[in-house]
Amino acid sequence: MRDLVNNIGAVQALVPAVLSATATGPALDLIAFGSAALVINTGAIASAGDFTAKLQESDTTTSGDFTDVDADHLEGVFPASLEANAVVKVGYKGFKRYIRLVVTKNGGTSIAAGAVLIKGHAAERPVV
């Protein structure tokens, strides 16, 4: 079997928490990696919570420079609304150095959620 762990990078895109408001993850650096996939893991939803997810991209870490990623630069799609106890994976195939996750509260009370960014096609291996 091939080794995967030494060929990928994994970083926290959204700290696992019960979200009761819109949450914006940190700027995640894609330097030295040729591909990326975001994995969102959800838990319970309270009071018919309605939360959506999207990726934003930028060439800098300045918050105001981030723009929504065009659908053409995503592999897969985000659901119209995040569901309870689900896993969502979406790939990024854009060209910007930084991406970040935004989970938007549209209604309801809260959702338990967290996310990890898996970075692949590393320029140098093994990835530490």
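This text follows the structure it describes.
> For this particular structure, what's the right way to read the overall build of the chain?
Counting its regular elements, the chain contains zero helices and 10 strands. When its helices and strands are written in sequence order, the chain yields β-β-β-β-β-β-β-β-β-β. Relative to the compact-globule value of 14 Å for 128 residues, the chain shows a C-alpha radius of gyration of 15 Å, a close match. In terms of principal-axis extent, the alpha carbons of the chain reach across some 45 × 40 × 25 Å. The proportion of buried residues among the 128 residues of the chain is 37%. A separation threshold of at least 6 residues defines the contact pool for the chain, and within that pool the share at least 24 residues apart is 81%. Put simply, the chain shows about 7,200 Å² of open surface, and 55% of that area lies on carbon and sulfur atoms. Charged side chains in the chain number 10 positive and 12 negative. The centres of these two groups are separated by 4 Å.

> How do you make sense of the pairing of strand E10 (residues 110-122) when you look at a structure like this?
Where strand E1 (residues 9-19) lies against E10, eight bridges are found, and the strand directions are antiparallel. Along E10, the bridge assignment pairs Ala10 with Ile118. Of the strand pairs in this sheet, strand E4 (residues 33-46) and E10 are connected by 11 bridges, and their pairing is antiparallel. By the bridge assignment for E10, Thr42 is matched with Ala113.

The rules behind these values
Residues numbered from 1 in each chain as written. Predicted model: local features only at pLDDT ≥ 70, side-chain atom pairs only at ≥ 80, totals over all residues. Heavy atoms only, no water. Helix = DSSP H or I, 4+ residues; strand = E, 2+ residues; numbered from the N terminus. Rg over C-alpha atoms; globule rule 2.2 N^0.38 Å. Buried < 20%, exposed > 50% of the residue type's maximum accessible area, 1.4 Å probe, protein only. Contact = heavy atoms within 4.5 Å. Areas by Shrake-Rupley, 256 points an atom, 1.4 Å probe, with all protein chains shown as cover. Lys, Arg positive; Asp, Glu negative; His and termini not counted. Charge placed at Lys NZ, Arg CZ, Asp CG, Glu CD. Pairing = 2+ DSSP bridges.

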